[in-house]
Amino acid sequence: MHKLQVFNSLSKAKEDFKPLHSDHVGMYVCGPTVYSDVHLGNCRTFVSFDVIYRYLMHLGYKVRYVRNITDVGHLEGDVDIGGEDKIAKKARLEQLEPMEVVQKYVNGFHQMMDIFNTLPPSIEPRATGHIMEQIEMIKDILDRGLAYEKNGSVYFNTPKYIEKGYNYGILSGRVVEDLVQESRDDLKKQGEKEHPSDFALWIKAEPSHLMRWRSPWSIGFPGWHLECSSMSTKYLGEHFDIHGGGQDLKFPHHENEIAQNQGACGTAPARYWLHANMLLMNGRKMAKSDGNTITPQELFSGNSSHISKGYSPMVVRFFMLQAHYRSTLDLTDEALQAAEKGYNRLMETYKILSGLESTAAAGTADAELTKLIEQLDIDMCDDFSTPKALATLFELSSKANAYKGGQLSADSISSEVLQKLKDTFKVFLFDVFGLKEEYGEGAQGSNGLLDGLMNLIIDIRKSARDNKDWTTADKIRDTLAELSVQLKDGKDGTSWTKS
RNA sequence: GGUCGGGUGGCCGAGCGGUUAGGCAGAGGUCUGCAAAACCUUGUACGGCGGUUCGAAUCCGCUCCCGACCUCCA
């Protein structure tokens, strides 16, 4: 097996991946704050980590994948400027219980994750289910003198943290002095905080605040960042292997998480920090404010001015895999169309492959094919380079097609290598990349009725064609086309796909 | 303003000192009743200006442009 290398945001370099406990891997990924529908960019991050999760398992690791749900504490703006809890705000606006808001968007999130065919995490803990743990962690931080209480709220003391020799900014490269000198007005409003870079661990609730818990300091709620520190510690230990999330969480979220863990446990939480990059649209950040945005639903239905047609979830997933997770990815209509064709082509090859046979004991192309097959793991071991692995898969695809088409002779591939090729396609396409068949013959979820009907129609058309009754044959073809069913006439008969 | 990251052919996207990335589109061809599909072959590139080097898309400097973060964000 090849050596897996991962890009560690802490060192800004690729490092050999060595898990703490031989074949077990602990991975924590920051999940969504459930106050609105999942953002498409969110989906990209979770798809990226889904592939990482899948590939780690493919390498034989037993992975405990923890991805949280943040359902309290995430404020709009800062505490000092009267930031309101995102969930509480939504609850107020929609006149719902906060937990109704949470449930609604958790359901939607799970549905979307399912649509994108991501595997569920091993544990999906919620912040509100871990208030006790968070309170305990605040106590530990206070005990170590790294936090202070002010009017019922508790703040992390960053100057003290630095004074004690810790490196605040270790992940983000942020320097506290620079933070102080920020020209931005918001940051100058210190409010209760003793220092602008301090952040809330516990926030005293206003009387009107709906989400509240009893604590030694006040009736209130935990600060954002804290839930991840305490839940990762609870389920993965004080020190674990991988921590992931979106690039934009580096600061302040992850930086503060590290400070909290160091402050409470005296150790850094994760050894490898992995960050997924942003999804752009037409070269710019997706933002509702200027209309440069698209929801997953709109993307699937085509109901958006940014795209010419709908793209299926697997096409979108494939599109995401064509870029490295650490690069920004630009969503454009053209790029999606290209992805759709590429995805279809790979799926087509998979089908073709399953029908190929070989009786040769040794083939002239065996060595080349074996090398390409091995290349897939080399690609993926290079910081989960799905674009490279996909390119290699396309090269294998060409070989398989050439073998079928006769450009590669019958004795070019041995039965053993052909079998290996079939297995490889299956494993990478479905297990590692997490793609699946969506429409057409043999797609998951088809009940056999559709396939049966289509076979009947194709059979009738074949008779017509055999009798040179082109009128009937073309009528069948054209009518189906209007229903978005495309017939594909090949040497070995006719197949179909729904687009 | 500060801190990072990036600018690759018509489009997307790998590459990180010398060797074809790959996909889509384009061109040519095979197949086909016609068409579509499929398959095969194939051209075009490294923002600009300097420098280091036998050799740079890859390293260094300057410059222009874009993006992210600094404030809720995946």
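Conventions and cut-offs
Residues numbered from 1 in each chain as written. Chains lettered and ligands numbered in written order. Predicted model: local features only at pLDDT ≥ 70, side-chain atom pairs only at ≥ 80, totals over all residues. Heavy atoms only, no water. Helix = DSSP H or I, 4+ residues; strand = E, 2+ residues; numbered from the N terminus. Buried < 20%, exposed > 50% of the residue type's maximum accessible area, 1.4 Å probe, protein only. Contact = heavy atoms within 4.5 Å. Areas by Shrake-Rupley, 256 points an atom, 1.4 Å probe, with all protein chains shown as cover. Lys, Arg positive; Asp, Glu negative; His and termini not counted. Charge placed at Lys NZ, Arg CZ, Asp CG, Glu CD. Near = heavy atom within 4 Å. Polar contact = N/O pair within 3.5 Å; in protein donor to acceptor, adjacent residues only side chain to side chain. Expected span 1.5 Å × (residues − 1). Arc of directions from axis to C-beta. Salt bridge = Lys/Arg side-chain N within 4 Å of Asp/Glu carboxyl O. Domains from an automatic or database assignment. Core = buried A, V, L, I, M, F, W, Y, C linked by side-chain atoms within 4.5 Å. Phe/Tyr/Trp six-rings, centres within 6.5 Å; stacked < 30°, edge-to-face > 60°.

A.B. asks: Which residues make up the overall build of chain A, and what values do they have?
C.D. replies: Helices and strands together make up the secondary structure of chain A, namely 17 helices and 18 strands. Along the first, second and third principal axes, the C-alpha set of chain A runs to 90 × 50 × 40 Å. Every one of the 499 residues in chain A was classed for burial, and the buried ones make up 51%. Restricting the contact set of chain A to residue pairs at least 6 apart, pairs at least 24 apart contribute 73%. As presented, chain A carries roughly 22,900 Å² of accessible surface, and 49% of it is formed by carbon and sulfur atoms. Separation of charge centres in chain A, based on 57 positive and 69 negative side chains, amounts to 1 Å.

A.B. asks: Hey, could you go over the protein's contact with RNA strand B for me, with residue numbers and the actual values?
C.D. replies: The environment of RNA strand B is formed by 55 residues, the closest being His74, Lys86, Trp224, Gly246 and Lys285. Asp248 places a polar side-chain atom, nitrogen or oxygen, 3.4 Å from a sugar or linking oxygen of RNA strand B. Between RNA strand B and the protein, one listed contact pairs a phosphate oxygen with a backbone N or O atom of Asp330 at 3.0 Å. The biggest single contributor to the surface near RNA strand B is helix H14 (residues 386–405), with 7 residues.

A.B. asks: Tell me about helix H16 (residues 449–466), and name the residues and values.
C.D. replies: Counted at 1.5 Å a residue, the expected span for H16 with its 18 residues is 26 Å, and the 26 Å between its end C-alpha atoms agrees. Along H16, the positions that sit buried rather than exposed are Asp451, Met454, Ile458, Arg461 and Ala464. All buried residues of H16 fall inside an arc of 145° around its axis, so they share one side. Within H16, the exposed residues directed more than 90 degrees away from the buried face are Leu449 and Asp466. Contacts from the buried residues of H16 go to helix H17 (470–482), strand E17 (485–490) and strand E18 (493–498).

A.B. asks: So, the side chain of His225: which residues are in play, and what are the values?
C.D. replies: With respect to the helices and strands, the residue His225 is situated in the loop between strand E11 (219–222) and helix H8 (226–236). Contacts of His225, omitting those with residues within four sequence positions, involve Phe199, Pro252, His253, Asn256, Glu257 and Gln260.

A.B. asks: Summarise the environment of Asn167; cite the residues concerned and give the values.
C.D. replies: Along the chain, Asn167 falls in the loop between helix H5 (158–163) and helix H6 (176–180). In sequence terms Asn167 and Ile123 are 44 residues apart; their C-alpha atoms lie 30 Å from each other.

A.B. asks: Which residues make up the pattern of salt bridges, and what are the values?
C.D. replies: Evaluated as defined, the whole model comprises 19 salt bridges. Among the salt bridges present, the one from Arg54 reaches Asp50, with a minimum N-O distance of 2.8 Å. Of this pair, Arg54 and Asp50 both sit in helix H1 (residues 40–58), 4 residues apart, which is roughly one turn of that helix. Each member of the pair Arg54 and Asp50 is classed as buried.

A.B. asks: Which residues make up the domain arrangement of chain A, and what values do they have?
C.D. replies: For chain A, the domain assignment lists domain 1 (22–276), domain 2 (296–432) and domain 3 (449–498). Each of domain 1 and domain 3 has a C-alpha centre, and the two are 56 Å apart.

A.B. asks: If you had to explain the nonpolar core to someone new, which residues and values would you point to?
C.D. replies: One finds Leu56, Leu393 and Phe433 to be the most contacted residues of the largest nonpolar core, which totals 103 residues. The leading source of residues in this core is H1, at 10 residues. When we break this core down by domain, the ones giving at least three residues each are domain 1 (22–276) and domain 2 (296–432). Among all residues touching Phe433, those that are not within four sequence positions of it are Val51, Arg317, Leu321, Met380, Thr386, Ala389, Leu390, Leu393 and Phe428. Val154, Phe156, Leu226 and Ala259 belong to the second largest nonpolar core, which has 34 residues in total.

A.B. asks: Tell me about the packing of aromatic side chains, and please be specific about residues and values.
C.D. replies: Applying the stated criterion across every chain, the model contains 16 aromatic pairs. A ring pair is formed by Phe17 and Tyr272, whose centres lie 5.1 Å apart and whose planes are at 50°; its orientation type is tilted. Of this pair, Phe17 sits in the loop between strand E2 (13–16) and strand E3 (24–29) while Tyr272 sits in strand E13 (residues 270–276), and the two are 255 residues apart along the sequence. A single burial state applies to Phe17 and to Tyr272, both of which are buried.

A.B. asks: Describe helix H12 (residues 333–354), naming the residues involved and giving the relevant values.
C.D. replies: Helix length check: H12 (22 residues) gives 32 Å between terminal C-alpha atoms against 32 Å at 1.5 Å per residue, within 8%. Within the span of H12, buried status applies to Asp333, Leu336, Ala339, Glu340, Gly342, Tyr343, Leu346, Met347, Thr349, Tyr350, Ile352 and Leu353. For H12, the elements touching its buried residues are helix H10 (296–301), helix H11 (313–321), strand E16 (329–331), H14 and helix H15 (415–432).

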